[in-house]
Amino acid sequence: MSEPAASQNNQSIETELYKKREKIYAREVHGIFAALRLLAMAALLGIYYGLPWIRWDDHQAILFDLPARKFHIFGLTFWPQDFFYLSMLLIIAAIALFMFTALAGRLWCGYACPQTVWTEIYMWIERKIEGGAKAQKKRDQGPRNAAYFGVKIAKHAAWLLFSLWTGFTFVGYFSPIQDLWTSFMTWTLGPWETFWIFFYGFATYGNAGFMREQVCIYMCPYARFQSAMFDHDTLVISYDEKRGNPRGSRRRGTPSADVGLGDCIDCGLCVQVCPVGIDIRDGLQYQCIGCAACVDVCDDVMDKMGYPRGLVKYTTENSLQGKRTKIVRPRILVYIAILTFVSSALVYGLLTRIPLEVDIIRDRNVLYTETDEGMVQNVYNLKLINMASEAQRYKLSVSGLEGLQVLGKTQDIELESGAVKDLPLRVQIDPIVLKSPSSKIMFHIESQTSPEISADESARFLGPASR
Amino acid sequence: MSTLPATQSDKNQLPVVQQIISVMWPSFLTASLATIIFFTVFDPTELGIIGGFPELTRMGGYTIGFFCFWLLTSISCALTCYFRRPTNKPINPNNSKPS
Ligand code: SF4
Ligand code: SF4
């Protein structure tokens, strides 16, 4: 490609790249739903920042202990071998979200999604330091003086501190938080922990401080595919066109009929409060995160005008068209059926889970040896993991060939809860009974403390070719 | 981002920020998934011993593993973007465009 063309193109890319998105200055709202959201967010943030500090028995209640490769969820301990249960849990969560979406639309987005929750918190900090939407806009368009930079620096400092705390808490879910705190206070954090605290903190800072609604619009997969789960009975936020149009301003307290207009006074407040910058009166749009800010603000306007509330409200497509809204419908029944099935499978699996993991690895260096007494010997390494919550004593036996003998400890193998033990085992047999150079044998390990815990593991026993 | 096509002044092209996101973000998601599955099966300290880095800590192993996966998945996402360019476009856009 020729040089001038390339530079021209680069230029146009650059202008596109650096063209700042229109910053949305959302007005603060007060109202029933704003209060509900605040409550939900306070609860969720409390859980997020508080949970890693809660202890259970002698460990952190919720800890995905990556350095030790085990997961504590209150009294339960999971191991990488239990990955199956984790994936079941994820499937349940996904289907529950589908069902919830079919029923309640984007309630999740508006009230519980981390992106929304942290954006709100960052906007709250911004309002505390920079003032309301109007003041912010005025400052951004005004001169770049000392006051401007003072306020901006204060805001970013507050944001950054909060981000770091968020990152610290995040890492605290994966590495014991109390140790983490001690090393933080003594300035001895490991390099990887430090890295992840900054990485996650930086992601929070960027997403909640700058990207905001862009994340919902461009990055969230859920926002894109949710339309597949919507139907005419899904709860959505909508403007009542029949009632509102034609729009127009009028004096306070004038009945709409007198001026020949609908109930919408075209004050534009619903647009000003919208955090994603859309006009709900244009109909349901996929950018709408269902935050109900427009509902609150319009209800306020209706109160002031003396009109009934609910020009913008939670409703369903069917009820807008004057039909009945059905909650129980085939789609929901299918979700319930799947959910019941997967959850019962999970509970069954958890109840019948055998908290003992056995691995047998043959000694790789030698196939077999012959002892002075003429016996054939194979060496194995037995790896035991006690996944039960109490210490156990195990016994071990081998079967599959007549006259198998185990040299080494076969009784009273003690193992703490959550401990791993490697046990070298020598198994011998008289070569007379060996019918083939490789035979299958079974190791049976059983707990002496609780006999219902047992496991079988097969291995190959190698010997000379049969004679 | 040399893998992003340089000839994209078309009106219907995505803005560059969104293009970068469309490479980095899906690859981040798939890399996370791959990391989880991979390290459920393999213990990074054991891999470190096999690979000749006995002093590798688990956190270090997870981190390095994650970024390797992210590199791979972002390369494949970037290549997808690259190959999605129409092939019948003239090489020099100035030949066909009045602007
Ligand atoms: S807030 Fe209500 S009255 Fe005001 S413009 Fe929006 S819909 Fe109309
Ligand atoms: S349209 Fe209303 S509910 Fe939707 S995002 Fe905007 S303010 Fe929130």
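S.K.: What should I look at first to understand the packing of aromatic side chains in this one?
M.R.: Given two aromatic rings, one states the distance between the centres and the angle between the planes to describe the pair. Residue and element names in this part refer to chain A. Applying the stated criterion to the full structure yields 49 aromatic pairs over all chains. Consider the rings of Tyr 222 and Phe 225, whose centres lie 6.1 Å apart with planes at 85°: the pair is edge-to-face. Placement of both Tyr 222 and Phe 225 in helix H11 (residues 221-225) is noted, with a separation of 3 residues, approximately one turn of the helix. A relative accessible area of 6% means that Tyr 222 is categorised as buried.

S.K.: Mind showing me how you'd approach the sheet that holds strand S3 (residues 62-65) of chain A here?
M.R.: Strand pairing within a sheet occurs via backbone hydrogen bonds; the two strands may be parallel or antiparallel. Residue and element names in this part refer to chain A. Here we have 3 strands laid out as an open sheet, ordered S3-S4-S5, and antiparallel in their pairing. Where the open sheet ends on each side, the last strands, each with one partner, are S3 and strand S5 (76-78). Strand after strand, the sheet turns through a mean of 15° between neighbouring axes, direction not considered. Relative to S5, strand S4 (residues 70-73) is paired through 3 bridges, and the arrangement is antiparallel.

S.K.: So what exactly am I meant to see when it comes to the site of ligand 1 here?
M.R.: Every residue near ligand 1 is listed here: A:Tyr239, A:Cys264, A:Ile265, A:Asp266, A:Cys267, A:Gly268, A:Cys270, A:Arg281, A:Cys298, A:Met302 and A:Val312. Here the residues of the shell around ligand 1 sort into 8 nonpolar, 1 polar and 2 charged.

S.K.: Sorry if this is basic, but what is going on with unusual backbone geometry here?
M.R.: Outside of glycine, negative phi angles account for most residues, and trans bonds account for most peptide bonds. Residue and element names in this part refer to chain A. Going from Asn 245 to Pro 246, the amide bond is cis rather than trans, its omega being -10°. Mapped onto the elements of the fold, Pro 246 is located in the loop between helix H12 (241-244) and helix H13 (256-259). Backbone geometry places Asp 412, a non-glycine residue, at a positive phi of 50°. Topologically, Asp 412 is positioned in the loop between strand S12 (405-407) and strand S13 (413-415). You can call Asp 412 partly exposed: its relative accessible area is 32%.

S.K.: Mind showing me how you'd approach the side chain of A:Asp299 here?
M.R.: You can see A:Asp299 is positioned in helix H15 (residues 293-305). Only 3.0 Å separates the side chain of A:Asp299 from the backbone nitrogen of A:Gly310, close enough to count as a polar contact.

S.K.: Looking at this model, I keep getting lost on the confidence of the model for chain B. Mind explaining?
M.R.: Reading fine detail from the predicted coordinates is not recommended where pLDDT is low. Residues and elements named next belong to chain B. Across chain B, pLDDT averages 78, with 74% of residues at or above 70. The weakest mean pLDDT in chain B belongs to helix H2 (residues 44-51) at 84; the strongest belongs to helix H3 (residues 58-83) at 92. Interface predicted TM-score (ipTM) for the complex: 0.74; the corresponding pTM is 0.78.

S.K.: How should I be thinking about the pairing of strand S10 (residues 376-386) of chain A in this particular structure?
M.R.: Residue and element names in this part refer to chain A. Counting buried positions over the 11 residues of S10 gives 8, a clear majority of the element. Sheet topology note: the strand S8 (residues 356-362)/S10 ladder contains 7 bridges and is antiparallel. Paired with Glu 357 across the bridge in S10 is Ile 385. Hairpin geometry of strand S9 (residues 369-370) and S10 is characterised by an intervening segment of 5 residues between the two adjacent antiparallel strands and by a positive phi of about 85° at Gly 374.

S.K.: Whenever I open this one, empty space enclosed by the protein confuses me. Can you help?
M.R.: Taking a probe equal in size to a water molecule and rolling it over the atoms shows the remaining empty space. Residue and element names in this part refer to chain A. Counted according to the given criterion, the structure contains 4 cavities of 30 Å³ or more. The space that makes up the largest cavity amounts to roughly 170 Å³. Lining the largest cavity are 15 residues, with Thr 119, Met 123, Arg 212, Glu 213 and Pro 275 sitting closest to its centre. Sorting the residues of the lining of the largest cavity by element identifies helix H5 (114-130) and helix H10 (213-219) as the ones contributing at least two each. With 5 residues, the single largest contributor to the lining of the largest cavity is H5.

S.K.: Just to check I follow, could you spell out the pattern of salt bridges for this structure?
M.R.: If the charged atoms of two oppositely charged side chains come close together, the side chains can form a pair. Overall, the coordinates contain 18 salt bridges over all chains when judged by the stated rule. Across the pair A:Arg69 and B:Asp43 runs a salt bridge, and its minimum N-O distance is 3.9 Å. Note that A:Arg69 is positioned in the loop between S3 and S4 and B:Asp43 in the loop between helix H1 (16-41) and H2, a pairing that runs across two chains. Assigned by exposure class, A:Arg69 and B:Asp43 land together as buried. In this structure, A:Lys155 engages A:Glu130 in a salt bridge whose closest nitrogen and oxygen atoms are separated by 2.9 Å.

Criteria and cut-off values
Residues numbered from 1 in each chain as written. Chains lettered and ligands numbered in written order. Predicted model: local features only at pLDDT ≥ 70, side-chain atom pairs only at ≥ 80, totals over all residues. Heavy atoms only, no water. Phe/Tyr/Trp six-rings, centres within 6.5 Å; stacked < 30°, edge-to-face > 60°. Helix = DSSP H or I, 4+ residues; strand = E, 2+ residues; numbered from the N terminus. Buried < 20%, exposed > 50% of the residue type's maximum accessible area, 1.4 Å probe, protein only. Pairing = 2+ DSSP bridges. Axes fitted to C-alpha atoms, helices over the stretch in contact; angles between N-to-C directions. Near = heavy atom within 4 Å. Nonpolar A, V, L, I, M, F, W, Y, C, P; charged D, E, K, R; others polar. Polar contact = N/O pair within 3.5 Å; in protein donor to acceptor, adjacent residues only side chain to side chain. pLDDT = per-residue confidence, 0-100. 1 Å grid on protein atoms, 1.4 Å probe; cavity = no way out; pocket = protein on both sides within 12 Å on 5 of 7 lines; lining within 4 Å. Points joined across faces, edges and corners; volume = space filled by probe spheres on them. Salt bridge = Lys/Arg side-chain N within 4 Å of Asp/Glu carboxyl O.

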